[in-house]
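Chain residues, written in single-letter form:
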Amino acid sequence: MADILLIEPNYANKYPPLGLMKISTFHKKLGDYVVFAKGKLPDELAKKRWDRVYVTTLFTFEWEETKKSIEYALTVAKDQHMVFVGGIMATLMPELFHKTFPTIKLVKGLLNRKGTLGLPGEECVDCLTPDYDILDDIEYKYPVTDAYFLYTTRGCGMKCQFCAVQTLEPEYVPYISIREQIAEIDRRFGPKRNLLLMDNNVLRSNKFDLIVDELIELGFGKGCTYPSPRTGKPLQRYVDFNQGLDAKLLNEHKAKRLGELAINPARIAFDHIEDEEQYKRALELCAKNGIKHLSNYILYNGEDFTGKGQHYRADTPQDLFNRMKISMDFCDELNAKYGHDGKVHIFSFPMKYIPLNATDRSFVGTHWNKKYLRAVQRMLIPTQGKGVSTRSFFEADFGATAEEFLENLAMPEDLLGLRGHFVERKGESIEDRKKRYAQWEINHRRIEEWTRLYRSLGDNYTSYVDLIKENDFSMENYAHATTPTLRKMFIHNLSYLSILRNIKVLGVDMLNYIKFEFSTLYKELLKYVINSKYTQYSCLLGMLELQGTVFITDIIRAFIDEPYLHTNVFDALYKAQKSLKRIVLDTRSLHIALRYRLANAISDTELKNIMRLGLECDEKKIEQRLYQKSKQLREVLRSQNKDEIASEIMLDKIEEIIALLQKVYRKEVK
Ligand code: SF4
């Protein structure tokens, strides 16, 4: 009996690792002890050494996480030559693995041949039933587990240049019966609700009718149900060809047969704008045959490629927008025609193209740039991976026209996330609602300002795109902003902290822009430094240097308008003045005034009056005021805290403050 460890690298993954599940079945049949780990083993098994370690691989851009798992496998294997690495990436980039890990054994391609693992008795690991039990070994929860994960065909044969299938599954197998596998899964692990078919191109099969017949016979015909294991109530069950259906190969007959299945959703790839007609034709065939839940994969960021016997040009951002809009518009048409007995829904799933040999996600297609790609990712966040389906969301998030989409792609990332209507919240107090609304208005003013600048560029908007295309908002790149408009637009991409820290590099012109032309931003900057307990003095230096006393009074004024009693800004402001060796006002006294207010030794009005003295830079009067109130402070604290154990500590602190004031005051009196 051997000890076998199976590892899936620690990346997020929707479906469980079928290959490892089948290897588990194989080893358990031999009587071996098998454990599955996500990334690495839990501590209690950390010291164990293993006879064989299998690591699966997936997308090439997960190379960093994959490397970590293999490095780990090498430390826990009894023999470094007994680490086996297989799966998609290992098959696509064997040289990289050989070079990085010379001792490992690579298992390339499918495990559908004799001897792939080099063990006796191994005929076809791929034909074995996956071992669902191993999923209980790990804490990670796959979003989809209550399903049979099977193949009714293998391979594809369409040879699209960007697709890995021709390397992974070079031979097309038109029919694999799943009857036996389902029976065995039922026997060993209990029945599953749904059926996930991972076929790459089932529509190419000349045994398609046989496959559909078998699926219906196995309980996956239209309207079929499954008794809930908890309540016994019938639940809808679904068949999902999760790799998509080839629009080019869908015809009347096949659509009719698909309509006999509990298919949900029917995924139709819309990889390129040039496929519009066949895509729409496929959608219509589905809708006509009662398949109302449709979805698509929309590949973007692609290069030009050949596939399905034709050449396609590299896609553009407009192509992505247009394909989503086509889906939306066509959905309305289909509903007008076929929606009488239930609406047709189309969910769009934009998928970023990454080349087969890329070891990270940084690839940028010919007509794309880093900023645009980042913006698409940002726009997709609210969908939570569920696709885009409603027009209202699509138009608000992506845009109503391709021009608006381009504008949104160029918009600063933070502003992208601030778009949208003001949404009422249940149970929110009037005060909170007012505050939230005020902030919403500010956010929208920022969006409007950026949009105003963008539109003022007219056809010259490309000069801005050139500036931001690398998604680089460093001061080095700012130096390339050659016009005032470009410089202003650049600023909207910076965080408040970055604006403050770099205000000298941004220059007096830009300070004037922030302060007078678009004063909302200056007010936000002041709010930002005031509303923190941890403002660092270093981020105040630039403004102080450029504006001197004016900056100090601006902060005090902003504080009077919207006080935040826990702020440390006055302390930081003192440190900043000290660092510049130019103390106009010892703002520590204002900091102390906050302590008085927090201890309830002075009222809001008294605090404001003290702050107003700060506006006049009348340090002496502030200190006098505080000194006069120090006795009162002591008394208030004593009476407030007499029963509390912590009161002594609190009093000590205040005594300290008073002592400091006395020192300052006495110095002044002398
Ligand atoms: S049709 Fe689909 S599965 Fe087949 S090669 Fe093209 S992209 Fe790959």
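Quantities reported herein were computed from a predicted structural model and do not represent experimental measurements.

**Student:** Describe the environment of Ile560, and please don't skip the residues or the numbers.
**Tutor:** Inspection of the secondary structure assignment puts Ile560 in helix H24 (residues 549–561). Using a count of 15 C-beta atoms within 10 Å as the deciding quantity, one classes Ile560 as partly exposed. Sequence separation between Ile560 and Leu607 is 47 residues, and the spatial gap between their C-alpha atoms is 8.9 Å. Not counting chain neighbours up to four residues away, the residues in contact with Ile560 comprise Lys608 and Met611.

**Student:** Requested: an account of the sheet that holds strand S6 (residues 147–150), with residues and values cited.
**Tutor:** Within a sheet, adjacent strands bond to each other through the backbone by hydrogen bonds, running parallel or antiparallel. Taken in spatial order, the 3 strands of this open sheet run S6-S7-S10, and their pairing is parallel. Only two strands of the sheet have a single neighbouring strand rather than two, namely S6 and strand S10 (239–241). On average, adjacent strands in this sheet sit at an angle of 15° to one another, irrespective of strand direction. In terms of strand pairing, strand S7 (residues 194–197) meets S10 through 3 bridges, oriented parallel. Across the sheet, the residue bridging to Leu195 is Val239, located in S10.

**Student:** Describe the packing of helix H26 (residues 588–598) against helix H27 (residues 604–615), and please don't skip the residues or the numbers.
**Tutor:** Taken N-terminus to C-terminus, the directions of H26 and H27 make an angle of 175°; their axes are 10 Å apart at the nearest point. Taken together, the axes of H26 and H27 lie roughly antiparallel to each other. Taken together, the residues of H27 that come into contact with H26 (itself represented by Leu590, Ala593 and Arg597) are Leu607, Ile610, Met611 and Gly614. Here the residues of the contact of H26 with H27 are counted per class, giving 5 nonpolar, 1 polar and 1 charged.

**Student:** Lay out the sheet that holds strand S5 (residues 105–107) with the relevant residues and their values.
**Tutor:** One open sheet holds the 5 strands; their spatial order is S2-S1-S3-S4-S5, and the pairing between them is parallel. Two strands close off the open sheet at either side, each with one partner strand: strand S2 (33–38) and S5. Neighbour-to-neighbour, the strand axes of this sheet turn through a mean angle of 20°, independent of strand direction. In this fold helix H2 (residues 63–76) packs onto strand S1 (3–8), strand S3 (52–57) and strand S4 (83–87), with an angle of close to 180° to the strand it touches most, S3.

**Student:** Quick rundown of helix H1 (residues 18–29)? Include the residues and the values.
**Tutor:** Here H1 contains 12 residues, and its C-alpha end-to-end distance of 17 Å stays within 8% of the 16 Å for a straight helix at 1.5 Å per residue. Where H1 is concerned, the buried positions are Gly19, Leu20, Met21, Ile23, Ser24, Thr25, Phe26 and His27. Against the buried residues of H1 lie S1, S2, S3 and S4. Phi for Gly31, located one or two positions after H1, is positive at around 90°.

**Student:** I'd love a proper account of the domain arrangement of the chain, names of residues and values included.
**Tutor:** When the domains of the chain are assigned, the result is domain 1 (1–138) and domain 2 (493–669). Its C-alpha centre places domain 1 at a distance of 60 Å from the equivalent point of domain 2.

**Student:** Which residues make up the environment of Glu276, and what values go with them?
**Tutor:** In this structure, Glu276 sits in helix H9 (residues 276–288). Residue classification places Glu276 among the partly exposed residues on the basis of 15 C-beta atoms within 10 Å. Distance in space between the C-alpha atoms of Glu276 and Thr483 is 41 Å, their sequence separation being 207 residues.

Rules used in this analysis
- Residues numbered from 1 in each chain as written.
- Predicted model: local features only at pLDDT ≥ 70, side-chain atom pairs only at ≥ 80, totals over all residues.
- Helix = DSSP H or I, 4+ residues; strand = E, 2+ residues; numbered from the N terminus.
- Buried ≥ 20, exposed ≤ 12 C-beta atoms within 10 Å, placed from the backbone.
- Contact = placed C-beta atoms within 7 Å.
- Pairing = 2+ DSSP bridges.
- Axes fitted to C-alpha atoms, helices over the stretch in contact; angles between N-to-C directions.
- Parallel < 35°, antiparallel > 145°, perpendicular 65-115°, else oblique.
- Nonpolar A, V, L, I, M, F, W, Y, C, P; charged D, E, K, R; others polar.
- Expected span 1.5 Å × (residues − 1).
- Domains from an automatic or database assignment.

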